[in-house]
Amino acid sequence: MSTRTAPAPATREPARKGARRKGIAGTTLWFWLFVGPFVIGLLIFSYLPIIWSLVLSFFEAQNTVTPSKFVGLSNYVDLLTDHDFLSSLATFTVFAIFIVPLTFVLSLALALLVNQVKIARAFFRSVFFLPTACSYVVASLIWKLSIFNGVRFGLANTVLGWFGHDGIAWLSTIDPPWYWIPIVTVRLWLQLGFYMILFIAGLQRISPTLYEAAYVDGAKPGWQTFRYITLPQLRATSVAVLILNLIAAYQAFDEFYNLIGNVNFARPPLVYLYGISLGRIQDLGHGSAGALILAVIIMLVTLLQNKIFGFGKAGD
């Protein structure tokens, strides 16, 4: 009696592989259809200008974007020995000394207050975050024309008048340097909400069990829990806020230019480089060199912060 074995079913592996390849190719096509325009825009409007600026920094390029004469490192040497450029870096240093600690402390305090609110928490988050959407130019003009305009009708001088104090020319008085008050306050108003949201996100990541365990061990609500639980748990967020805040301070332009203009006593690096590159001189060689010097300084300061605080380690 003979036994018949059933024929093996025909394999469909080649068909599956073909379908898989077709699916991968289709996914790749759709990926580049959506991402391609943004990549092209990034190359054309970001990376190519950076590369061309690097090229111009080694050439003499006055009143033109076409390099004319190779000068090597001469543009960099000129700027690093230029009193006005070094003075602009000093102006930034003073601005950073004011704005970075104030922004950190006030945004953290706002985040702690808003995070404790039980009713209408979303409303308060929106109220403090809304100034972030305001234009720096518009805010600077409001500060200049309505609050610190230097005449008796300005809001700041009106309040001073209530207490019998004479009006102050806020934006033109060098000694004492009252111009720092409008410059710092407008930046605080514009960016506190953004960093507050970052701190709120960090606070919501802290497990409530940590506070419960601390209360069981005898810790008191308030300063003790903030010092030993909240602040250490916000370490990664705090370092990110410091880095972003310092980089934003280096990029300060709108409030300085629109409040007091291109003046010697308070001119950050970008305002000084704007005057060189797009002002009367239009020296794009020195302007490009200055921009790259500023980029290198930002990079070094960021790496230094990373080294000090250990941002990005596995423990974060």
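Residues numbered from 1 in each chain as written. Predicted model: local features only at pLDDT ≥ 70, side-chain atom pairs only at ≥ 80, totals over all residues. Heavy atoms only, no water.

## Here's the deal with the overall build of the protein chain
Turning to step 1, where the next piece is worked out: Across its full length, the protein chain holds 13 helices and 2 strands.
Turning to step 2, where the next piece is worked out: Within the span of the protein chain, comprising 316 residues, buried residues form 35% of the whole.
Turning to step 3, where the next piece is worked out: Across the protein chain, every contact between residues at least 6 apart in sequence was considered, and the portion connecting residues at least 24 apart equals 68%.
Turning to step 4, where the next piece is worked out: Accessible surface computed for the protein chain: about 19,700 Å², of which carbon and sulfur atoms make up 69%. (Helix = DSSP H or I, 4+ residues; strand = E, 2+ residues; numbered from the N terminus. Buried < 20%, exposed > 50% of the residue type's maximum accessible area, 1.4 Å probe, protein only. Contact = heavy atoms within 4.5 Å. Areas by Shrake-Rupley, 256 points an atom, 1.4 Å probe, with all protein chains shown as cover.)

## What to know about the packing of helix α3 (residues 83-116) against helix α7 (residues 180-204)
Turning to step 1, where the next piece is worked out: It is the contact of α3 with α7, at a shortest axis distance of 6 Å, that shows an interaxial angle of 45 degrees. Taken together, α3 and α7 sit at an angle that is classed as oblique. Both α3 and α7 take part in a crossing whose hand is right-handed.
Turning to step 2, where the next piece is worked out: In terms of residue class, the contact of α3 with α7 is built from 22 nonpolar, 6 polar and 1 charged. (Axes fitted to C-alpha atoms, helices over the stretch in contact; angles between N-to-C directions. Parallel < 35°, antiparallel > 145°, perpendicular 65-115°, else oblique. Left-handed = near helix turned anticlockwise from the far one by under 90°. Nonpolar A, V, L, I, M, F, W, Y, C, P; charged D, E, K, R; others polar.)

## What to know about the nonpolar core
Turning to step 1, where the next piece is worked out: One finds Phe95, Ile183, Phe256 and Ile260 to be the most contacted residues of the largest nonpolar core, which totals 62 residues.
Turning to step 2, where the next piece is worked out: If sequence neighbours within four positions are ignored, isoleucine 183 has contacts with Phe95, Glu255, Phe256, Leu259 and Ile260. (Core = buried A, V, L, I, M, F, W, Y, C linked by side-chain atoms within 4.5 Å.)

## Describing the packing of aromatic side chains
Turning to step 1, where the next piece is worked out: Evaluation of the coordinates by the stated rule reveals 22 aromatic pairs.
Turning to step 2, where the next piece is worked out: Aromatic pair phenylalanine 253 and tyrosine 274: ring centres 5.4 Å apart, planes at 65 degrees, arrangement edge-to-face. Within this pair, whereas phenylalanine 253 is found in the loop between α10 (235-250) and α11 (254-259), its partner tyrosine 274 is found in helix α12 (residues 269-278), the two being separated by 21 residues in sequence.
Turning to step 3, where the next piece is worked out: Each member of the aromatic cluster is reached from another via a ring pair, and the members are Phe95, Phe98, Tyr179, Trp180, Phe256 and Phe265. (Phe/Tyr/Trp six-rings, centres within 6.5 Å; stacked < 30°, edge-to-face > 60°.)

## Digging into the pattern of salt bridges
Turning to step 1, where the next piece is worked out: The tally for this structure, following the rule as stated, stands at 2 salt bridges.
Turning to step 2, where the next piece is worked out: The salt bridge involving arginine 267 is made with aspartate 84; its shortest N-O contact spans 4.0 Å. Within this pair, whereas arginine 267 is found in the loop between α11 and α12, its partner aspartate 84 is found in helix α3, the two being separated by 183 residues in sequence. (Salt bridge = Lys/Arg side-chain N within 4 Å of Asp/Glu carboxyl O.)

## With respect to the environment of histidine 286
Turning to step 1, where the next piece is worked out: With respect to the helices and strands, the residue histidine 286 is situated in helix α13 (residues 284-309).
Turning to step 2, where the next piece is worked out: When its relative accessible area of 18% is taken as the criterion, histidine 286 is described as buried.
Turning to step 3, where the next piece is worked out: For the pair histidine 286 and valine 77, spaced 209 residues apart in sequence, the C-alpha separation works out to 9.7 Å.

## Section: the confidence of the model for the protein chain
Turning to step 1, where the next piece is worked out: Scored by pLDDT, the protein chain has a mean of 83; 89% of the residues are at 70 or more.
Turning to step 2, where the next piece is worked out: Within the protein chain, α7 carries the highest mean pLDDT (92), whereas helix α1 (residues 13-56) carries the lowest (76). (pLDDT = per-residue confidence, 0-100.)

## Regarding the layout of surface pockets
Leftover empty space is mapped by rolling, across the atoms, a probe with the size of a water molecule.
Turning to step 1, where the next piece is worked out: Roughly 450 Å³ of internal volume is contained in the largest pocket.
Turning to step 2, where the next piece is worked out: Around the largest pocket, the lining comprises 15 residues; the ones closest to its centre are Asn115, Gln116, Leu203, Tyr211 and Thr230.
Turning to step 3, where the next piece is worked out: Those elements giving two or more residues to the lining of the largest pocket turn out to be α3, α7, α8 (208-216) and α9 (223-233).
Turning to step 4, where the next piece is worked out: When grouped by side-chain class, the residues that make up the lining of the largest pocket number 6 nonpolar, 6 polar and 3 charged.
Turning to step 5, where the next piece is worked out: Size it by volume and the second largest pocket reaches roughly 240 Å³.
Turning to step 6, where the next piece is worked out: Lining the second largest pocket, in full, are Ser53, Phe253, Leu270, Leu273, Tyr274, Ser277, Leu278, Gly287, Ser288 and Ala291.
Turning to step 7, where the next piece is worked out: Top contributing element to the lining of the second largest pocket by residue count: α12, with 5 residues. (1 Å grid on protein atoms, 1.4 Å probe; cavity = no way out; pocket = protein on both sides within 12 Å on 5 of 7 lines; lining within 4 Å. Points joined across faces, edges and corners; volume = space filled by probe spheres on them.)

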